[in-house]
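# Architecture and fold: a report
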Amino acid sequence: AGFRFIRLQESLNQEGVFTDVILSQDLVSQIDSSTTNDMYGGMAGLRAEMTWKRLTFGVQPRFGLAGNAATATVRTNNFRSLADGEQITSARETLVAPVFDLGVYARFGITKNFSVNVGYNFLWLGQITRPEDNIFYNDNGPFPTPPDIHVDMQKHSISIEGISAGGEFRF
């Protein structure tokens, strides 16, 4: 049993250049979206190992429920013209999110004091908000209607996996 904190921060920045039809000059239009997922909560798991003289195989599955303080922000600047200016919208939610973490590893003892390790890790997080999913495009055409590009917080799951390798010296 244990406690885990995970911070997942992401951003998506879009920029386009076009000619402003009113001022007949180049205009840089921006749409930026950013998210922060602060996850904290308890984890429960087990470790199982099979050991021979020089070789060890192990697996460590862990499960938990985490509180996710999720924040999403969408910012536009000069979306259609300089008259549109900068618009910022934000959303914040606290969610209960499932977490699954799996570690699988092998250790081989080269000598009495040195061994090599290789492992595979898989992390799955539920109820995550991502920047590319939170932009709500609702542009209602030309002036005088202002553009309505704003945050619409969506939730999905994400998985992260990787391989690790290393050595261990024991004295």
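Preceding this section is the structure that the text describes.
Quick caveat, the model's predicted, so the values are computed rather than measured.

## Looking at the overall build of the protein chain
For the protein chain, the helix and strand inventory stands at zero helices and nine strands. Reading the protein chain from its N end, one meets helices and strands in the order β-β-β-β-β-β-β-β-β. Taking 171 residues into account, the globule formula puts the C-alpha radius of gyration at 16 Å, and the protein chain, at 24 Å, lies well above it. When its C-alpha atoms are laid out on the principal axes, the protein chain stretches across 80 × 30 × 25 Å. Within the protein chain, the fraction of its 171 residues that count as buried is 36%. Of the contacts made within the protein chain by residues no fewer than 6 positions apart, 69% connect residues no fewer than 24 positions apart. Of the roughly 10300 Å² of accessible surface on the protein chain, a fraction of 57% belongs to carbon and sulfur atoms.

## A few points about the pairing of strand 4 (residues 55–77)
For strand 2 (residues 25–45) and strand 4, the ladder comprises 16 bridges, and the chain directions are antiparallel. Within strand 4, the position partnered with Ser33 by the bridge is Val74. Examined bridge by bridge, strand 4 and strand 5 (residues 86–109) share 23 bridges and lie antiparallel to one another. Considered in strand 5, the bridge of Thr56 is made with Arg107.

## Details of the environment of Glu93
Topologically, Glu93 is positioned in strand 5. Residues Glu93 and Gly103 lie ten residues apart in sequence; the distance between their C-alpha atoms is 30 Å. Once you skip the residues sitting within four places of it in the chain, Glu93 turns out to touch Asn68, Ala69, Ala70, Met153 and Lys155. A polar atom in the side chain of Glu93 sits 3.1 Å from the side chain of Lys155.

## What to know about the environment of Pro131
Relative to the helices and strands, Pro131 is located in the loop between strand 6 (114–128) and strand 7 (135–138). Separated by 85 residues in the primary sequence, Pro131 and Leu46 have C-alpha atoms spaced 34 Å apart. Excluding residues within four positions of it along the chain, Pro131 makes contact with Glu10, Ser11, Leu12, Ser33, Ser34 and Thr35.

How each quantity is defined
- Residues numbered from 1 in each chain as written.
- Predicted model: local features only at pLDDT ≥ 70, side-chain atom pairs only at ≥ 80, totals over all residues.
- Heavy atoms only, no water.
- Helix = DSSP H or I, 4+ residues; strand = E, 2+ residues; numbered from the N terminus.
- Rg over C-alpha atoms; globule rule 2.2 N^0.38 Å.
- Buried < 20%, exposed > 50% of the residue type's maximum accessible area, 1.4 Å probe, protein only.
- Contact = heavy atoms within 4.5 Å.
- Areas by Shrake-Rupley, 256 points an atom, 1.4 Å probe, with all protein chains shown as cover.
- Pairing = 2+ DSSP bridges.
- Polar contact = N/O pair within 3.5 Å; in protein donor to acceptor, adjacent residues only side chain to side chain.

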